[in-house]
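# Descriptive structure summary
Residue strings, one per chain:
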Amino acid sequence: MAKHFLLLNLIAAVSFCCVVIAFEPSPLQDFCVADPASPAKVNGLACKDPKSVEAEDFFFSGLHLSGNTSNTFGSKVTPVNVAQIPGLNTLGISLVRVDYAPWGINPPHTHPRATEILTVLEGSLQVGFVTSNPENRLITKVLKKGDTFVFPIGLVHYQRNVGYGNAVAVAALSSQNPGVISIANAVFGSEPAIATDVLAKAFQVDETVVAQIQSKF
């Protein structure tokens, strides 16, 4: 009986050790053009029938146009991701154009799903990102036309136009849907709102200060 029990345990152990899970991160087909109308729920977007794919699925026009920077931050981000080019689906890449008014900012934010590499086309930008806890070290540099800077995935980063004229940058991101979390909006503009006493304790300020900031979002 003991031998039989030992044999069963051995068979179970061998069966367990021989289970293999395979994962293929690269596309397994030429393309998977997004089909937003599909009811299928997947991590991303379902594929359009390849027979109905056309050139327009891989095309976007408009990055030569300046964005409207007449807003609170003095900047405008023009995205080119899977929402604008369905053919980017599953390809792990996207693009943005960012326009900055004089002394305009692209406020602190993160991309939860992408690393970003930014190149200045016109003007001068101060850029920076903050490392994770506990150091929270600010790594910053002033970029001029033609300079390139990398923002690692998930880290809080920003840009500021430090010139007296307009500035323009383009950035590539390592996801077709990088996502963006604006820090101020997330903390002070969430729905429903984070309790003022929680934020007051986190930021070490009076609750009335928190309420005043929340009112702006």
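Along each chain, residues carry numbers from 1 onward, in the same order as the chain's sequence is written. Local features in this predicted model are restricted to residues whose pLDDT is 70 or higher, and side-chain atom pairs enter the listing and the counts only when it is 80 or higher, whereas totals over whole chains, interfaces and linings include all residues. Excluded from the side-chain calculations are hydrogens and water; all other atoms, namely the structure's heavy atoms, are used.

Put simply, the test is: UniProt positions are given in the numbering used here, feature names are shortened, and annotations may be inferred rather than shown by experiment.
As named in an unreviewed UniProt entry, the protein is Germin-like protein, taken from Datura stramonium. The protein has a UniProt comment under Subcellular location (unreviewed entry) that states "Secreted, Extracellular space, Apoplast". As recorded by UniProt, the Sequence similarities (unreviewed entry) comment attached to the protein reads in full: "Belongs to the germin family."

### Quick look at the overall build of the protein
Under the convention used in this document: Runs of H or I in DSSP of at least four residues are treated as helices and runs of E of at least two as strands, each being numbered from the N terminus. Between buried and exposed lies partly exposed: a residue is buried under 20% and exposed over 50% of the maximum accessible area for its type, with that area taken using a 1.4 Å probe on protein chains only. Contacts are assigned to residue pairs with any non-hydrogen atoms lying within 4.5 Å of each other. The accessible surface values rely on the Shrake-Rupley method and a 1.4 Å probe; as for residues, cover is taken only from the protein chains in view.
When helices and strands are tallied, the protein shows four helices and ten strands. Reading the protein from its N end, one meets helices and strands in the order α-β-β-β-β-β-β-β-β-β-β-α-α-α. For the protein, the residues scored as buried account for 30% of the 217 residues in total. Long-range contacts, defined as pairs at least 24 residues apart, comprise 68% of the intrachain contacts of the protein with a sequence gap of at least 6. With the model as given, the accessible surface of the protein reaches about 14000 Å², and the carbon-plus-sulfur share is 61%.

### So, the sheet that holds strand S7 (residues 148–151)
Let me state the cut-off plainly: Two strands are counted as paired when DSSP detects at least two bridges linking them. For helices, the fitted line uses only the C-alpha atoms of the stretch in contact; every axis is such a line through C-alpha atoms, and the angle between N-to-C directions lies from 0 to 180 degrees.
Read across the open sheet, the five strands follow the order S1-S2-S9-S4-S7; overall the sheet is antiparallel. Single-partner strands in this sheet number two, and they are strand S1 (75–80) and S7. In this sheet, neighbouring strand axes are inclined to one another by 20° on average, regardless of whether the strands run parallel or antiparallel. Sheet topology note: the strand S4 (residues 116–122)/S7 ladder contains four bridges and is antiparallel.

### A few points about the pattern of salt bridges
To keep it simple, the criterion reads: Each reported salt bridge corresponds to a side-chain nitrogen of Lys or Arg within 4 Å of a carboxyl oxygen of Asp or Glu.
Taken as a whole and assessed by the stated rule, the structure comprises three salt bridges. Notably, a salt bridge pairs Lys 48 with Asp 57, separated by 3.0 Å at the nearest N-O pair. By relative accessible area, which is 22% here, Lys 48 ends up partly exposed. Residue classification places Asp 57 among the buried residues on the basis of a relative accessible area of 8%. For Arg 97, the salt bridge identified is with Asp 99, shortest N-O distance 2.8 Å. Assigned by exposure class, Arg 97 and Asp 99 land together as buried.

### Quick look at the state of the cysteines
Cut-off, in case you're wondering: Throughout, a disulfide means two cysteine sulfur atoms within 2.5 Å of one another.
Applying the stated criterion across every chain, the model contains one disulfide. Covalently, Cys 32 is tied to Cys 47 through a disulfide, its sulfur atoms 1.9 Å apart. Here the S-S torsion is close to -105°, and the disulfide linking Cys 32 with Cys 47 is therefore left-handed. Of this pair, Cys 32 sits in the loop between helix H1 (2–17) and S1 while Cys 47 sits in the loop between H1 and S1; the two residues are 15 residues apart in sequence, bridging distant segments of the chain. For Cys 32, a relative accessible area of 3% gives the class buried. Judged by relative accessible area, which is 39%, Cys 47 ranks as partly exposed.

### Details of the pairing of S4
With six bridges connecting them, S4 and strand S9 (residues 167–173) associate as antiparallel partners. Of the residues in S9, the one forming a bridge with Glu 116 is Leu 173.

### Details of the layout of surface pockets
Short version of the rule: A pocket here means an open set of points on a 1 Å grid, computed over the protein atoms alone, that has protein on both sides within 12 Å along at least five of seven lines. A cavity is instead a set of points where a 1.4 Å probe fits but cannot get out; residues with an atom within 4 Å of a point line either one. Grid points are joined across faces, edges and corners, and a volume is the space filled by probe spheres set on the points. Amino acids are sorted into nonpolar (Ala, Val, Leu, Ile, Met, Phe, Trp, Tyr, Cys and Pro), charged (Asp, Glu, Lys and Arg) and polar (every other residue, Gly among them).
Empty space within the largest pocket amounts to approximately 440 Å³. Counting only elements with at least two residues in the lining of the largest pocket, the list comes to S1, strand S2 (94–100) and strand S3 (105–110). It is S1 that contributes the most residues to the lining of the largest pocket, five residues altogether. Here the residues of the lining of the largest pocket are counted per class, giving eleven nonpolar, ten polar and two charged. In this structure, the second largest pocket encloses a volume near 360 Å³.

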